[in-house]
Amino acid sequence: MAELVDAPIDTERLRREAAQPACGAVVLFLGTTRDHHDGRRVTGLAYEAYRPMAVTALAAIERGAAERFEIATCAIVHRLGEVPIAEASVAVVVAAAHRGAAFDACRWAMDELKRTVPIWKRELFADGDAAWVAGTPLTPAAPAGDAV
Amino acid sequence: MAELVDAPIDTERLRREAAQPACGAVVLFLGTTRDHHDGRRVTGLAYEAYRPMAVTALAAIERGAAERFEIATCAIVHRLGEVPIAEASVAVVVAAAHRGAAFDACRWAMDELKRTVPIWKRELFADGDAAWVAGTPLTPAAPAGDAV
Amino acid sequence: MMTVTVLLFAQARERAGLGTILLELPPGSRVTDAIGAVRARHPALEPLWPHLAVAVNGELTADDAPLAHGGEIALLPPVSGG
Amino acid sequence: MMTVTVLLFAQARERAGLGTILLELPPGSRVTDAIGAVRARHPALEPLWPHLAVAVNGELTADDAPLAHGGEIALLPPVSGG
């Protein structure tokens, strides 16, 4: 279900697809574009990705969430290109029998996303300036023998 | 914004109203009707409330969330009457500059809701039986002098 | 005499077989007087009393508060919203 | 000779002024050989190298892996998705 899109994220579809008869909790996280950063006025964010690897990394997070937490599903969609103020650049939706696991998994998925997915964002400032946001270095995963 | 409704919750409206230029994170929690409980097949839940007191209690949670966490808004909607499988009985949406506070506040609001709001749910079983769900006793709040 | 409305919810409503009880009480009556009157009329509620919270005019109270004409008492079983 | 594609992203793409570099390398070349060739052509990338991760055919690698004809190397600055 991991997806990269070039248009506004359809959060209503995500929510609808996540709802399941066996689940009592759905947690939806949206990362949205803020109008300020370090005191400067921001007019938008622009995202780029190494697409095939980013989709693979997002799918790995979805699977990892389902392995680590008592959840039914985790689905992640990231938008690329320019994302205007207050629109969502990323959506993570988790469905679970109980809410604790849903919150934990959603939060974990976002932490992982910021650490392991080859996507980059540039802030577009009101004065016409733009700057890449300081990021997190990618590191190769531990050898397969260490995996869960 | 605290609201009791007698029809499906409009989560898309909630999400739209929560999105704010100053916020980078929106967390939406939905409590949905599960098709099972303690091994019995459930066909729906039926909710009732002491309406005026429930609205007041929900509004107090919204305010409490904004006081305790670094968030911009918290809005809670609870549905009453019969809620079919996979539909939402409750929605909590929180918007914040950063995601940690949004997750914390949303989770706290749900914990409070289950503890302090005069709403009751009855499980409707596949065999035609129905039972009130074991709940949490309401306790009068600490004296005003202890409040934040 | 003064009139006080008692609202019953969930299991309390079901056991009593009704959601609203109108009480006529002597002036100066307090919460315990109202509860005494409800107990006398609705013995089916007996097993629930240890678990019921009481609100007067929409506010939870642990005290034996005085009542006023037109007041509203609510009998609230353990809650299970969400 | 074999052909290897090098993809550059974000700051790396911007500094080099292009997103794709085609390299012709002798058979038996490894990741360090490809990186050496890119460094020689694009000195503007110098300040970035300590911060770049390298993927070969979509997999991060810390080793000096051997390359094959048609392979794809990606130069990945610190990530900032979300």
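Up top is the structure.
Here's what I pulled together on the structure shown here. (Residues numbered from 1 in each chain as written. Chains lettered and ligands numbered in written order. Predicted model: local features only at pLDDT ≥ 70, side-chain atom pairs only at ≥ 80, totals over all residues. Heavy atoms only, no water.)

1. As for the sheet that holds strand E2 (residues 25-32) of chain A
Here is the rule: Should DSSP find at least two bridges between two strands, the strands are regarded as paired. Where helices and strands are cited, they refer to DSSP runs of H or I of at least four residues and of E of at least two residues respectively, numbered from the N terminus. What counts as an axis is a line fitted to C-alpha atoms, over the stretch in contact for a helix, and the angles between N-to-C directions run from 0 to 180 degrees.
Strand order in the open sheet made by the eight strands is E1(A)-E5(A)-E7(A)-E2(A)-E2(B)-E7(B)-E5(B)-E1(B), with mixed pairing throughout. The sheet is open, and its two edges are formed by strand E1 (3-5) of chain A together with strand E1 (3-5) of chain B, each paired on a single side. On average, adjacent strands in this sheet sit at an angle of 15° to one another, irrespective of strand direction. With three bridges joining them, E1 of chain B and strand E5 (residues 73-79) of chain B adopt parallel strand pairing.

2. Some details on the interface of chain A and chain B
How we decide: The contact rule is simple, with two residues in contact once any of their heavy atoms fall within 4.5 Å. What counts as buried area is the accessible surface, traced by a 1.4 Å probe, that two parts surrender upon association, with contributions from both included. By definition, a salt bridge exists where a carboxyl oxygen of Asp or Glu is found within 4 Å of a side-chain nitrogen of Lys or Arg.
Contact residues are listed per partner, giving 34 residues for chain A and 34 residues for chain B. Surface buried jointly by chain A and chain B totals about 2,800 Å² across both partners, of which 55% is contributed by carbon and sulfur atoms. Area buried by chain A at its contact with chain B is led by Arg99, Phe103 and Arg107 of chain A, which between them contribute 24% of it. Across the chain A-chain B interface, the total number found is four salt bridges. Between Asp111 of chain B and Arg99 of chain A there is a salt bridge, and its shortest N-O distance comes to 2.7 Å. Among the secondary structure elements, those contributing two or more residues to the side of chain A that touches chain B are helix H1 (11-18), E2 and helix H3 (99-116) of chain A. Sort the elements by how many residues they give to the side of chain A that touches chain B and H3 of chain A lands first, with nine residues.

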